[in-house]
Amino acid sequence: MSKHIPQSDIVVLGAGMVGASLVHLLKPALARGMSLTLIDRQALNWDGDIASRPPSFDGRATALSYGTQQILSQLGVWGLMAERACAIEHIQVSDQGRFGQTQLHASEQNAEALGYIVENAVIGQGLLSGLEQPGVSIKAPAQVQGVQMNADGALLTFDNGEQLQASLLVLADGARSALAQQLGIQHERRAYGTHALVTQVEVDREHGHWAYERFSEDGPIAFLPLNKKDFAVVWTLADDQIEQVKALPEAEFLARLQQQIGYRLGRLMRVGERASYPLALVQSKEQVRRSLVLLGNAAHSLHPVAGQGFNLALRDAAVLAEYLNHAWQQNQPLGDLALLQAYEQQQQADQRNTIMASDLLPRLFGSKLPGMALLRDAGLLSMSALPTARKLFTRHAMGLGQRAAKLPATPLSGESA
Ligand SMILES: Cc1cc2nc3c(=O)[nH]c(=O)nc-3n(C[C@H](O)[C@H](O)[C@H](O)COP(=O)(O)OP(=O)(O)OC[C@H]3O[C@@H](n4cnc5c(N)ncnc54)[C@H](O)[C@@H]3O)c2cc1C
């Protein structure tokens, strides 16, 4: 007699920022009886220790675009993040040692903020709360070892031998997804030859909700406002410099960083823990197959210079959820290839434009080729001089340049935005 294999309409593999967001976005179908299993190899109720947290919710802080904040509000999870979020009201973009610079202001968009900086651990608390609801099973920690596509969808095998059958499998298991590789899905990886050094600094005056993006010979540096006098810093450094700079004594580290940013934001006083991430553009060569979708870093992992990785992935997830919620309501199969291709098609332009901008910026500003510096000056100056260009650029950075997905009508956790 064949053994009984548990079934789930949707399996989301990976409870990072993107997998967890998708569960919230699928609330309408869940309310109508759909079953979903969310799996992560790490426990989701971590303690204070960074090492025990899922990678999405480590010591970094993330720039959430205004569009992302609007989505999280509608899902009812923003309330938990709001009191620890810092609004970005102004951004100054400049090129070290050059005269070109531009400034972007929320007021030009009649918005209260261009975006928000939130610590990833706080985003995790927001996204992982309210997941337990009728229709949702959470398996974490649980390690999926194998996947096989079959006539009913995808059959997952855990390392303890248990199995789970899904009509639709969403791989949100991070860059270079091991399961996608098992299924023969290839990816393209282009390393930038740089690492992001991530830390927090305290300065001697309040930041006034200004963010600074500075392009230097080493690569871009972002200072993102957090608490009154604190900034989250993302500093791009060449691969062969990263370990040495990361290990500098505090005073030398601060002096080197101050030299890069100048005194526009005040004097740097203290630095927190330092972590580093190798930077590469990783793109999966396929994002959908019958009964299969790759989402988030599993589909595309970007240079963080423009702070767009999660913002783009959340827009993908919102559009995917719109299709799946509708299909469930219409009694259509969730793994239908035409349905999944329609989702992919709809997100193609947004993905292409966002990936292109995130890839171009570090290459343009990192280039030492003659003439490139003048081109950068021209770009920054014309942005500064032309209100329309600046407005369009700002709208894209705010995550407002695209058609908004239809979101669940009521907040998931019953909390108001
Ligand atoms: C330095 C840096 C700064 C950034 N700043 C920004 C920013 O300001 N704004 C922005 O929008 N984006 C930013 N990003 C991008 C953002 O961090 C990513 O887009 C986001 O983390 C992607 O999340 P994810 O859920 O797709 O993947 P991940 O965070 O990698 O999550 C994948 C999950 O899958 C689980 N998993 C993997 N394999 C298995 C398995 N076999 N079985 C079970 N579970 C598994 C993992 O435990 C993990 O929890 C930044 C990235 C970096 C590196």
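Please refer to the structure placed before this passage.
Quick look at the structure, then. Here the structure is a predicted model, which means the values were calculated and not measured.

Definitions and cut-offs
Residues numbered from 1 in each chain as written. Predicted model: local features only at pLDDT ≥ 70, side-chain atom pairs only at ≥ 80, totals over all residues. Heavy atoms only, no water. Buried < 20%, exposed > 50% of the residue type's maximum accessible area, 1.4 Å probe, protein only. Helix = DSSP H or I, 4+ residues; strand = E, 2+ residues; numbered from the N terminus. Contact = heavy atoms within 4.5 Å. Core = buried A, V, L, I, M, F, W, Y, C linked by side-chain atoms within 4.5 Å. Near = heavy atom within 4 Å. Polar contact = N/O pair within 3.5 Å; in protein donor to acceptor, adjacent residues only side chain to side chain. Axes fitted to C-alpha atoms, helices over the stretch in contact; angles between N-to-C directions. Left-handed = near helix turned anticlockwise from the far one by under 90°. Nonpolar A, V, L, I, M, F, W, Y, C, P; charged D, E, K, R; others polar.

## Some words on helix 3 (residues 66-75)
An α-helical turn contains 3.6 residues, so any two residues separated by three or four positions project in the same direction.
Phase 1 of the analysis: Helix 3 sits mainly inside the fold: eight of its ten residues count as buried.
Phase 2 of the analysis: Turning to helix 3, the residues buried within the fold contact helix 1 (17-25), strand 3 (61-65), helix 4 (78-82), strand 7 (115-119), helix 5 (120-128) and helix 9 (309-329).
Phase 3 of the analysis: Of the residues trailing helix 3, Gly76 is marked for its positive phi of about 85°.

## As for the nonpolar core
Nonpolar side chains in soluble globular proteins generally cluster together in the buried interior.
Phase 1 of the analysis: Judged by nonpolar contacts, the single largest core of 83 residues is most densely connected at Ile10, Leu22, Leu25, Leu26, Leu36, Met81 and Leu324.
Phase 2 of the analysis: Looking at this core element by element, the count peaks at eleven residues for helix 9.
Phase 3 of the analysis: Not counting residues up to four positions away in its chain, the partners in contact with Leu22 are Val12, Val170, Leu295, Ala317, Leu320 and Ala321.

## Examining the site of the ligand
Phase 1 of the analysis: What surrounds the ligand is a group of 30 residues, the closest being Asp40, Ser56, Ala63, Asn297 and Phe310.
Phase 2 of the analysis: Interatomic distance of 2.6 Å between a side-chain N/O atom of Asp40 and an oxygen atom of the ligand.
Phase 3 of the analysis: In the model, a nitrogen atom of the ligand is placed 3.0 Å from a nitrogen or oxygen of the Arg41 main chain.
Phase 4 of the analysis: Mapped by element, the contributors of at least two residues to the shell around the ligand are helix 1, strand 3, strand 12 (187-203) and helix 9.

## What about the packing of helix 1 against helix 9?
In a pair of packed helices, the angle between the axes and the distance between the axes together describe the arrangement.
Phase 1 of the analysis: Between helix 1 and helix 9, the shortest axis-to-axis distance is 9 Å and the interhelical angle comes to 35°. Crossing geometry of helix 1 relative to helix 9 is assigned as right-handed. Between helix 1 and helix 9, the residues in contact are Met17, Val18, Ser21, Leu22 and Leu25 and Phe310, Ala313, Leu314, Ala317, Ala318, Leu320, Ala321 and Asn325, respectively.
Phase 2 of the analysis: Residues belonging to the contact of helix 1 with helix 9 are distributed by class as follows: eleven nonpolar, two polar and no charged.

## A few points about the environment of Pro304
Phase 1 of the analysis: As for its position among the elements, Pro304 is in the loop between strand 20 (300-301) and helix 9.
Phase 2 of the analysis: Judged by relative accessible area, which is 34%, Pro304 ranks as partly exposed.
Phase 3 of the analysis: Put simply, Pro304 and Thr62 are 242 residues apart on the chain and 9.6 Å apart in space, counted from C-alpha to C-alpha.
Phase 4 of the analysis: Contacts of Pro304, omitting those with residues within four sequence positions, involve Ala196 and Leu279.

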